[in-house]
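Tertiary structure, described
Each chain is listed here by its residues.
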Amino acid sequence: MNNRKITIVNNLIWYIIICVLVFIFVFPLLWIFSTALKTRDQLFVYPPVLIPKPVAWDNFKKAINAIPFLLYLKNTLIIVVFSLLGDIISSSFVAYGFSRIDWPGRDILFLVLLGTMMIPYQVTLIPLFIVYRMIGWVNTFFPLTVPSFFATAAFHVFLLRQFYHTIPKDLSDAAYIDGCSDLRIWWKIILPLAKPALVTVGIFNFINHWNDFLGPLIYLQEDKKYTLAIGLYAFRNEFGTDWNLMMAAAILMVIPLVALFLSAQKVFVSGITLTGLKG
Amino acid sequence: MGLFFISPWLIGFLLFTLGPIIFSFYLSFTDYQVIAAPKWIGIENYRELIKSDPLFWKSLYNTLYYVAFRIPTGILTALSLAILLNRKLKGVTIFRSLFYFPSLISGVVLSVIWLWILAPEFGLLNMVLSFFKLKGPLWLTDPAWAKLAFVIMALWSVGPQMIIFLAGLQDIPEQLYESAHIDGTNWWQDIRYITLPLLTPSIFYNIVVLVIGAFQVFTQAFIMTNGGPVDSTLFYVLYLYNNGFRYFKMGYASSMAWILFIIIFCLTLIQFRFSSWVHYER
């Protein structure tokens, strides 16, 4: 009986600590949201208020109108969709070659692939820029999408390979007996089975390209080509003290991430990404 | 057949990794300012960086300073949260999600949000401090505090490290704690003698990854301070970017990239070399 009491008290203390910490973590977001809904003169008052009065919903509209928001959204989506497509197709294809079939030199080349993850991107940044400039790709979306079609996201190949290893070899053998080619096995058997892993890869790719700043900063020079990330940066440079509008614009960029997170929480928190680390 | 399947990667590797690496290595020995063709100058770039570029050393110092605070605070926060959240109580998955979510926000959005949080007078952080009768520093506009502001900001993105610790914690067999409790251990002894030793692989992994990431800190500094005040947040990669894409000294910037590569490579090697504290099962 006494022991139970101790557990209850323990749990209560735990809940209090966690709630305080959660509050610290989440409060900035609430504060940002509150800022986004304030009129300009409510920004600089002391003591601060959390719930704005009046609520300036039209800040969102103003933020959208202050920059060509829809155009930037379109540009961002083009880049995101193409690199996502390229990444998923090429990574899953290459991962097949690194796991489902045996051939000499496979494991050495796989080590090379892992090694590329160690190279800081700054090393290839400048030569790539020079080459893209020479072939006229600067100020196009190509530098931000084309590499994805060549399995350049080594980590994604790695993840998918680890996942493919968990699919029983018998499945392939049975298909071989039926006269299936490897290409068909990849497309018809492995890809459908690897769906959860593909979703994980897709989500990480989406987030990376949605948030990407340096790539668009270097390659997109004309404001008609800007992505949302660059648009927000330009917004800050132009309207640096309109904190309410800036926060509204920031929230608009966070909303897709929230939606993605809510619909695929498991992917992030259950640690599918980690299965690879231990194998 | 194998080569057929990996051919996209092989082509990509040659075109987007190996080729550029070789080109970059060549460029680092040239004077290349975009307008004229690269001019071979031997080790002149490296000599200038090391011998007569105070900003190079300043940026390296700033980065090391950032790394030195970033790693311990990041590990400690992630570890504490993971230990707290490694319980089978109601709502724990929701709490994990709430702690994880901020780490999805990065780049420009994160920077813009924190510009407002760190604003000296009406920023959230200083208002909270003044609520406790503390006067907060000017953060990003004070050379003494600007780097630390970035360290604090990074703690908000603790999610990935926390998840790795949680996965590590879940691998520790429950019986170890049970038998320890029979011997009458308290919670601190549990952590000190069971949790931490068995978690060393996760700690090691997180440190290696955090060090590599922290050395490449760029976007936040570029957007929030652009290196200032008085170069106190001119981090290495920011200075590299400025050389390459602001002053168009592409050869010089390539030399900087190679020095960074070597630093990160050596640091990682050293960490592996001195990893006898990591306790692997089996």
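Computed from a prediction, not measured in an experiment: that's the story for all the values here. (Residues numbered from 1 in each chain as written. Chains lettered and ligands numbered in written order. Predicted model: local features only at pLDDT ≥ 70, side-chain atom pairs only at ≥ 80, totals over all residues.)

Quick look at the overall build of chain B now. Across its full length, chain B carries 13 helices and two strands. Reported as C-alpha extents along the three principal axes, the dimensions of chain B are approximately 75 × 65 × 35 Å. Here chain B, with 282 residues, has 40% of them falling under the buried criterion. Considering only intrachain contacts with a sequence separation of at least 6, the fraction spanning at least 24 residues in chain B is 69%. (Helix = DSSP H or I, 4+ residues; strand = E, 2+ residues; numbered from the N terminus. Buried ≥ 20, exposed ≤ 12 C-beta atoms within 10 Å, placed from the backbone. Contact = placed C-beta atoms within 7 Å.)

Time to look at the overall build of chain A. Broken down by element type, chain A carries 16 helices and zero strands. For chain A, whose C-alpha radius of gyration is 24 Å, the value lies well above the compact-globule estimate of 19 Å for 279 residues. Along the first, second and third principal axes, the C-alpha atoms of chain A reach 75 × 75 × 35 Å. Scored against the burial criterion, the 279 residues of chain A give a buried share of 38%. (Rg over C-alpha atoms; globule rule 2.2 N^0.38 Å.)

Residue lysine 53 of chain A is joined to proline 54 of chain A through a cis peptide bond whose omega torsion reads 0°. Structurally, proline 54 of chain A is set in the loop between α2 (40-43) and α3 (58-66). In this structure, the amide linkage connecting glycine 228 of chain B to the following residue, proline 229 of chain B, adopts the cis form with an omega of -15°. Mapped onto the fold, proline 229 of chain B is located in the loop between α11 (219-224) and α12 (236-246). Residues other than glycine seldom take positive phi values, yet tryptophan 139 of chain B does so here, at roughly 50°. With respect to the helices, strands and loops of the structure, tryptophan 139 of chain B is situated in the loop between α6 (124-131) and α7 (146-155). One non-glycine residue, aspartate 231 of chain B, lies in positive phi territory at about 60°. Along the chain, the position of aspartate 231 of chain B falls in the loop between α11 and α12.

Moving on, we come to the domain arrangement of chain A. When its domains are assigned, chain A resolves into domain 1 (2-58) and domain 2 (67-238). When each unit is reduced to the centre of its C-alpha atoms, the spacing between domain 1 of chain A and domain 2 of chain A is 38 Å. (Domains from an automatic or database assignment.)

Each pair of packed helices gets described by two things: the angle between the helix axes and the distance between those axes. Residue and element names in this part refer to chain B. The interhelical angle for the contact between α12 and helix α13 (residues 250-273), taken along N-to-C directions, is 160°, at an axis separation of 7 Å. Here α12 is positioned roughly antiparallel relative to α13, judged by the angle of their axes. Along this stretch, α12 crosses α13, giving a crossing that reads as left-handed. Mapping the contact onto sequence places Tyr236, Leu240, Asn243 and Gly244 in α12 and Met250, Tyr252, Ala253, Met256, Ala257 and Leu260 in α13. (Axes fitted to C-alpha atoms, helices over the stretch in contact; angles between N-to-C directions. Parallel < 35°, antiparallel > 145°, perpendicular 65-115°, else oblique. Left-handed = near helix turned anticlockwise from the far one by under 90°.)

Okay, the environment of tyrosine 219 of chain A next. All names here are of chain A. For tyrosine 219, the position within the fold is in helix α12 (residues 214-219). Linking tyrosine 219 and glycine 115, residues 104 residues apart in sequence, is a C-alpha distance of 26 Å. Ignoring anything within four residues of it in the chain, the contact list for tyrosine 219 reads Tyr132, Val138, Asn139, Pro143 and Leu144.

Time to look at the interface of chain A and chain B. With 66 residues of chain A at the interface, the matching set in chain B holds 62 residues. No other element matches helix α1 (residues 2-36) of chain A, which puts eleven residues into the side of chain A that touches chain B. For the side of chain A that touches chain B, a count of residues per class yields 51 nonpolar, eleven polar and four charged. (Nonpolar A, V, L, I, M, F, W, Y, C, P; charged D, E, K, R; others polar.)

Before going further, it helps to examine the confidence of the model for chain A. All names here are of chain A. Mean pLDDT over chain A: 90, with 96% of residues reaching 70 or higher. Helix α7 (residues 142-145) holds the highest mean pLDDT among the elements of chain A, 96, whereas helix α16 (residues 275-278) holds the lowest, 41. When the criterion is pLDDT under 50, residues 273-279 qualifies, and its contacts beyond four places in sequence or with other chains add up to ten contacts. (pLDDT = per-residue confidence, 0-100.)

Moving on, we get to helix α13 (residues 228-238) of chain A. In terms of burial, α13 of chain A is largely enclosed, as eight of its eleven residues are buried. Those residues of α13 of chain A that fall on the buried side of the exposure criterion are Leu228, Ala229, Ile230, Gly231, Leu232, Tyr233, Phe235 and Arg236 of chain A.

Residues and elements named next belong to chain A. By secondary structure assignment, the location of cysteine 180 is in the loop between α9 (169-177) and α10 (182-193). For cysteine 180, a count of 16 C-beta atoms within 10 Å corresponds to the partly exposed category. The spatial distance from the C-alpha of cysteine 180 to the C-alpha of leucine 257 is 40 Å, given a sequence separation of 77 residues. Setting aside chain neighbours within four positions, we find cysteine 180 in contact with Ala175 and Ile185.

Moving on, we get to the environment of phenylalanine 204 of chain A. Residues and elements named next belong to chain A. With respect to the helices and strands, phenylalanine 204 occurs in helix α11 (residues 195-211). On the neighbour-count criterion, phenylalanine 204 (19 C-beta atoms within 10 Å) is partly exposed. Distance in space between the C-alpha atoms of phenylalanine 204 and phenylalanine 268 is 9.3 Å, their sequence separation being 64 residues.

Note: predicted coordinates in regions of low pLDDT should not be interpreted at a detailed level. For chain B, per-residue confidence averages 93 on the pLDDT scale, and 99% of positions sit at 70 or higher. Confidence estimates for the predicted assembly give a pTM of 0.92 and an ipTM of 0.89.

Within soluble globular proteins, side chains that are nonpolar generally end up buried alongside one another. Within the largest apolar cluster, 144 residues are counted, with the highest numbers of intra-cluster contacts made by Val157, Leu232 and Ala250 of chain A together with Val109 and Met162 of chain B. The residues that make up this core include at least three from each of domain 1 (2-58) and domain 2 (67-238) of chain A. Among all residues touching methionine 162 of chain B, those that are not within four sequence positions of it are Ala78, Leu81, Ala82, Phe99 and Tyr100 of chain B. (Core = buried A, V, L, I, M, F, W, Y, C linked by C-beta atoms within 7 Å.)

This part takes up α6 of chain B. Looking only at α6 of chain B, the buried set comprises Leu124, Leu125 and Asn126 of chain B. Buried-residue contacts for α6 of chain B involve α1 of chain A together with α5 (107-117) of chain B. Where α6 of chain B ends, the next residue or the one after it, lysine 133 of chain B, has phi of about 60°, a positive value.

This part takes up the packing of α1 of chain A against helix α14 (residues 243-263) of chain A. Residues and elements named next belong to chain A. Interaxial distance between α1 and α14 falls to 7 Å at its minimum, and their mutual angle equals 120°. Considering their axes alone, α1 and α14 lie oblique with respect to each other. Judged by the twist between their axes, the crossing of α1 over α14 is left-handed. Between α1 and α14, the contacting residues are Ile32, Phe33, Thr35 and Ala36 on the first element and Trp243, Asn244, Met247, Ala248, Ala250 and Ile251 on the second.

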